[in-house]
Amino acid sequence: MQVCITTKKTLLATLISSTMLTGCYWDDPKEAAAYVSSEIEHEDVVEHLVELEARATPTSDGSSVTRAAGSDGYQYSVDYIIEVMKEHGYKVSTQEFDFRAWEELAGTKLNVDGIDLISTREAGEGVEADYAVMSYSGDSNGELAGDIVFVTPDFNFDSPNYDDTDGCEATDFEGKEVAGKVAVIQRGGCNFTTKVENAQNAGAKAVIVFNQGNDEGRKAVVNGTLGSDTAATVPAFGARFDIARQWFDASQTQPVPVVLAVDVKDEMVVTQNVIAETKRGNPNQVVMLGAHLDSVPEGPGINDNGSGTAGLLEYAVTLADTRAPVKNKVRFAWWAAEEAGLVGSEYYTNELFAPIYDQAQNEILEELGLEDPSQLTEEQIELVEARYTKLNKVKLYLNFDMIGSPNYIFGVMDGDLSDTKDSPDNAYTGDFKPPYGTSDIEATFNEFFTAKSEFTVPQALSKRSDYAGFADWGVAFGGLFTGAEKVKTAEEVDQFGGEIDVAYDRCYHQACDDLNNVSQKALFVNTQALAYVTTYYAFSKPLFPEVEEPAAKTMTRMQSDMKPTKKLRIGEKLKAAESHSDHGHFHGDFDQDRQ
């Protein structure tokens, strides 16, 4: 017999009528969602952040503490998640994989034209940094010296012939006398590792990638990563646009010398994702949510992403404590090595979904009497994808990355692309569409915030956080975000309060991303939001509204010509947006997704 649980807490007034329906909260997905959300305790969410910061350990050079993948601090964080989840009755497992752990050590130096530059590690509050070492940069093995050589920069941003592909092709380096020099390359057009590897192959002894400069969001220091699979071995730095433009002007009349040094720790280690799920619920209808557990090497990562980690953990505790009889199985994930390029979540999605797709394809081939996938027509591939969708038990994924920024906004992924289709941060260009159900997830998040009388800011689907792998494998997705390095606008101050022209997170990717770097209001409200939306889907059957078939009509020749020339197929990796704005890199900034 099902026992009803009562509460003295006020439920969301706009979602539950003043006269409760007879029976339990669990009889209706919205009532269940509102109840579990209302049970989230502010102090308990914050306590998880306290525990995470306590588990951060000193970096190799002792300059900070960290929870980066491969560090003791990360492992202690894993242990904490496992302990709490097991205590609350979840089935917990870890997924291990090899990971290339990289860390910048003490002693970094960059002097250009006789001026010692300020790194992001050295810049204090109110001090503008000049450069950052790119993650997975090579070691200089002591000091290196050489003159600057620019490749093919283009500062004519308003020209119809503007070219943003500096250094993206090996031919860009022809006739540039790069050998033995420090190549300076403008951001844009391709990922950082392509630029650096091309320069290295042309003989450069080091590379500096400077910000593009084509708008205000592309002028600060490039805080980039080459990715854990890079073949680059030379030192690689990112620099701000204005200072690089000064170097360019000076280089037109005289040599511009560089002296640099960088010492790094670069080794293969074993790291792990943490996966946990409810023991109850339909195992063929999995509602999944996740947050990356690792920080950058520079700091403890309490907002980025202790906030998402804590939100998931407190929701799991609350869901267990309310003894919610979920109809669909709920699966939690804490991802490793997101800061190195979504490594943990990509590993998980490829390992889980690729075999399912292969099974679906083999079944359709057998049913059609075919032997090779190359024999499948477009219509038959549709059959494969429909079978894959049926076989795939993970029906949606919710992502929570930085949900407590101190100068916050309430950002919700724009699942229907109604507000961000033309944004440079949108990966779904042209006719490409997100997986079915993504727009419904956005609507459900907005329903919660509307009930709370809170504004929201639509976030472009850039594919630069851990939802990317799920999106590529045809799983509906959504999530929340409170802002990173971009500055807050006057309109956003009117909506959310805070400081105008100040970054949402002034400590983004820095040592000061600690307990003092979190808005407790944003963290609490977003944890309630994730609890509401996850619980709603945990009790929903079906998960999403049925697809409405368009009315039949005669297609004109012009309409036929406008049909999509290429459909995004399940398992096909959609390149991430060439981001121009806040947190567009979803850590480290590849500038483009890895190929």
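Structure: see above.
Residues numbered from 1 in each chain as written. Predicted model: local features only at pLDDT ≥ 70, side-chain atom pairs only at ≥ 80, totals over all residues. Heavy atoms only, no water.

As paired strands, strand β4 (residues 109-112) and strand β11 (residues 257-261) are joined by four bridges and run antiparallel to one another. Bridge pairing in β11 places asparagine 111 opposite valine 259. Two elements, strand β7 (residues 144-150) and β11, share four bridges in a ladder whose sense is antiparallel. The residue of β11 that forms the bridge with alanine 145 is valine 259. (Pairing = 2+ DSSP bridges. Helix = DSSP H or I, 4+ residues; strand = E, 2+ residues; numbered from the N terminus.)

Moving on: the environment of glutamate 51. Topologically, glutamate 51 is positioned in helix α2 (residues 42-55). For glutamate 51 and serine 77, which are 26 residues apart along the polypeptide, the C-alpha to C-alpha distance reads 8.5 Å.

Now for unusual backbone geometry. Of the consecutive residues aspartate 304 and asparagine 305, the connecting peptide bond is found in the cis state with omega at 5 degrees. If you trace the backbone, asparagine 305 turns up in helix α6 (residues 302-321). For the peptide bond that leads from lysine 541 to proline 542, omega is 0 degrees, which places it in the cis range. Secondary-structure assignment places proline 542 in the loop between α12 (520-538) and α13 (557-561). In the Ramachandran plot, asparagine 141 falls in the positive-phi region, its phi being about 55 degrees despite a non-glycine side chain. When you line up the elements, asparagine 141 lands in the loop between β6 (131-133) and β7. Of the residues examined, asparagine 141 reaches a relative accessible area of 69% and is grouped as exposed. (Buried < 20%, exposed > 50% of the residue type's maximum accessible area, 1.4 Å probe, protein only.)

To continue, consider α12. Across its 19 residues, α12 extends 26 Å between first and last C-alpha, which sits within 8% of the 27 Å expected from 1.5 Å per residue. In terms of residue burial, α12 counts as a mostly covered element, since 16 of its 19 residues are buried. (Expected span 1.5 Å × (residues − 1).)

A word on the packing of aromatic side chains. Two numbers describe a pair of aromatic rings. These are the distance of the centres and the angle of the planes. For the coordinates displayed, the defined rule picks out 38 aromatic pairs. Pairing phenylalanine 155 with phenylalanine 210 gives two aromatic rings, centres 6.3 Å apart and planes at 35 degrees, and the pair type is tilted. With phenylalanine 155 in the loop between β7 and β8 (182-186) and phenylalanine 210 in strand β9 (residues 206-210), the pair connects residues that are 55 residues apart, well separated along the chain. Grouping residues by exposure puts phenylalanine 155 and phenylalanine 210 together as buried. Taken together, Trp335, Tyr348, Phe353, Tyr357, Tyr388, Tyr397, Phe470 and Trp473 form an aromatic cluster joined through their ring pairs. The aromatic ring of phenylalanine 155 is capped on one face by arginine 245, whose charged end is 4.1 Å from the ring centroid. Seen from the ring of tyrosine 408, lysine 488 lies directly overhead, with NZ or CZ sitting 5.3 Å from the centre. (Phe/Tyr/Trp six-rings, centres within 6.5 Å; stacked < 30°, edge-to-face > 60°. Lys NZ or Arg CZ within 6 Å of the ring centre and 35° of its normal.)

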